[in-house]
Amino acid sequence: MTLAGPTTESATSDEALADDARRGARNAFVVLVARYRDRIYRLAFRMSRNASDAEEIAQDTFLHAHRAIGSFHGESRFGTWLYRIAVNEALMRQRSARRRPLESIDVLMPRFADVGATGGDQAESADELVDAKRVIRRVREALDELDADHRAALVLRDLEELSAEDAADILGISAEALRQRAHRARMKMRVMLADILADRA
Amino acid sequence: MSELRCDECPALLDDCAAGTLPDDARRALEAHVASCERCARLVHDYLVLPALVRRATDVQMPYEIELRLRRLLAGTRRREP
Ligand SMILES: [Zn+2]
């Protein structure tokens, strides 16, 4: 994916909408929320692995962005600016707050099953569902084992699929440091998920 | 593009994982990986693992959260410039 948002030739750019919002057009910001809600919520969820935290992080990100839109002058793309706010909200919460436990994975099941090993086959067997649940749980536990900096690098680079440069910019580190952190995070994840990856070889 | 060396693969896989690898470089990478067991194992770290983790964490904002957010935004008055 890119941070440029879903655009067609005629669609108003994020930056033009941000400019309108800055001048006080409320609807412009609502359109930006609609464009970014899923990406920001997913980013928050991946950074926190917990739906309650993800809700708060996503909400605080948009409220923060709304208050601060006057300081957005298009030095970076709007998406980069918004991601930076979300990542900071997530990291801040991790450093300060008590950690909530990982919670039920049932909320994730429909989407995972949709694109599961059967390639979207409707007739998912009970065994496959149990396996999908096990995989989701193991993946989330593995993410939970990473420290916040390594998880952030992995999330931005591998899961959100930003360029190393954009991801590094958001985290305020060099692209080389970003690559190293993402690499180390992958290695740790690979060890923790070795059995699952072997099943998929 | 000439034959890839093993030590060139990690950087290319890194770009490939992020979808930013040009087609000709991707073909060279595929050719190398097909004949090099060591680098084929790296593909797991760079491609299979991220795809698995992406899929296992692919959520959408619940509708009620979006509604609450819209209400909050509607109630917020930004300081006029
Ligand atoms: Zn090789």
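Not measured: the values here are computed from a predicted model.

Trainee: Looking at this structure, how should I read the side chain of Glu89(A)?
Mentor: Residues and elements named next belong to chain A. Along the polypeptide, glutamate 89 turns up in helix 4 (residues 78-96). Buried charged residue glutamate 89 carries no salt bridge. Nearest counter-charge: arginine 93, at 4.5 Å. Apart from residues lying up to four places away in sequence, glutamate 89 is in contact with Ile57, Asp60, Thr61 and His64.

Trainee: Explain the domain arrangement of chain A to me, please; I cannot follow it from the model alone.
Mentor: You'll often see interface size given as the accessible area lost when the parts meet. Residues and elements named next belong to chain A. Each assigned domain of chain A is listed with its residue range as follows: domain 1 (7-100) and domain 2 (103-201). Taken residue by residue, the interface counts 19 residues in domain 1 and 18 residues in domain 2. Where domain 1 abuts domain 2, roughly 1600 Å² becomes buried across the two surfaces, and 53% of that area is made up of carbon and sulfur atoms. The interface formed by domain 1 and domain 2 holds 4 salt bridges in total. Ionic pairing is found between arginine 84 and aspartate 169, a salt bridge with its closest N-O pair at 3.1 Å. The tally of links between domain 1 and domain 2 comes to 7 residue pairs in polar contact (both at pLDDT 80 or more). Ranked by residues supplied to the side of domain 1 that touches domain 2, first place goes to helix 4 with 7 residues. In terms of residue class, the side of domain 1 that touches domain 2 is built from 7 nonpolar, 4 polar and 8 charged.

Trainee: When you look at the interface of chain B and chain A in this model, what are you seeing that I'm missing?
Mentor: Counting residues at the interface gives 33 residues for chain B and 49 residues for chain A. Contact between chain B and chain A buries roughly 4200 Å² in total, counting both sides, with carbon and sulfur atoms accounting for 61%. For the pair chain B and chain A, the interface holds 2 salt bridges. We note a salt bridge from Glu161(A) to Arg54(B), for which the minimum N-O separation is 3.7 Å. At the junction of chain B with chain A, the criterion picks out 7 residue pairs in polar contact (both at pLDDT 80 or more). Considering only residue class, the side of chain B that touches chain A consists of 18 nonpolar, 4 polar and 11 charged.

Trainee: Mind showing me how you'd approach unusual backbone geometry here?
Mentor: For residues that are not glycine, phi is negative in most cases, and the peptide bond is trans in most cases. Even without a glycine there, the phi angle at Glu161(A) is positive, about 60°. Relative to the helices and strands, Glu161(A) is located in the loop between helix 7 (148-159) and helix 8 (164-171).

Cut-off values and rules
- Residue numbers here run from 1 along each chain, matching the order of that chain's written sequence.
- Naming scheme: in the order in which they are written, chains are lettered from A and ligands are numbered from 1.
- Whole-chain, interface and lining totals are the exception, using all residues; otherwise, since this is a predicted model, local features are given only for residues with pLDDT of at least 70 and side-chain atom pairs are given and counted only at 80 or more.
- Excluded from the side-chain calculations are hydrogens and water; all other atoms, namely the structure's heavy atoms, are used.
- For helices the rule is a DSSP run of H or I covering at least 4 residues; for strands it is a run of E covering at least 2, with both sets numbered from the N terminus onward.
- Under the scheme applied here, a residue whose accessible area is under 20% of the maximum for its type counts as buried, over 50% as exposed, and between as partly exposed, the area being computed with a 1.4 Å probe on protein chains only.
- Only four residue types enter the tally: Lys and Arg on the positive side, Asp and Glu on the negative side; His and the chain ends are excluded.
- By definition here, a salt bridge exists when the distance from a side-chain nitrogen of Lys or Arg to a carboxyl oxygen of Asp or Glu is within 4 Å.
- Whether two residues touch is decided by their heavy atoms; if any such pair falls within 4.5 Å, the residues are in contact.
- Start and end points for every domain follow an automatic or database-based domain assignment.
- Put simply, buried area is the surface a 1.4 Å probe can reach on two separate parts but cannot reach once they are joined, added for both.
- Any N or O atom pair separated by 3.5 Å or less is treated as a polar contact, with the protein-specific requirement of one donor-capable and one acceptor-capable atom, and with residues adjacent in sequence counted only for side-chain atom pairs.
- Residues are grouped as follows: Ala, Val, Leu, Ile, Met, Phe, Trp, Tyr, Cys and Pro are nonpolar; Asp, Glu, Lys and Arg are charged; every other residue, Gly included, is polar.

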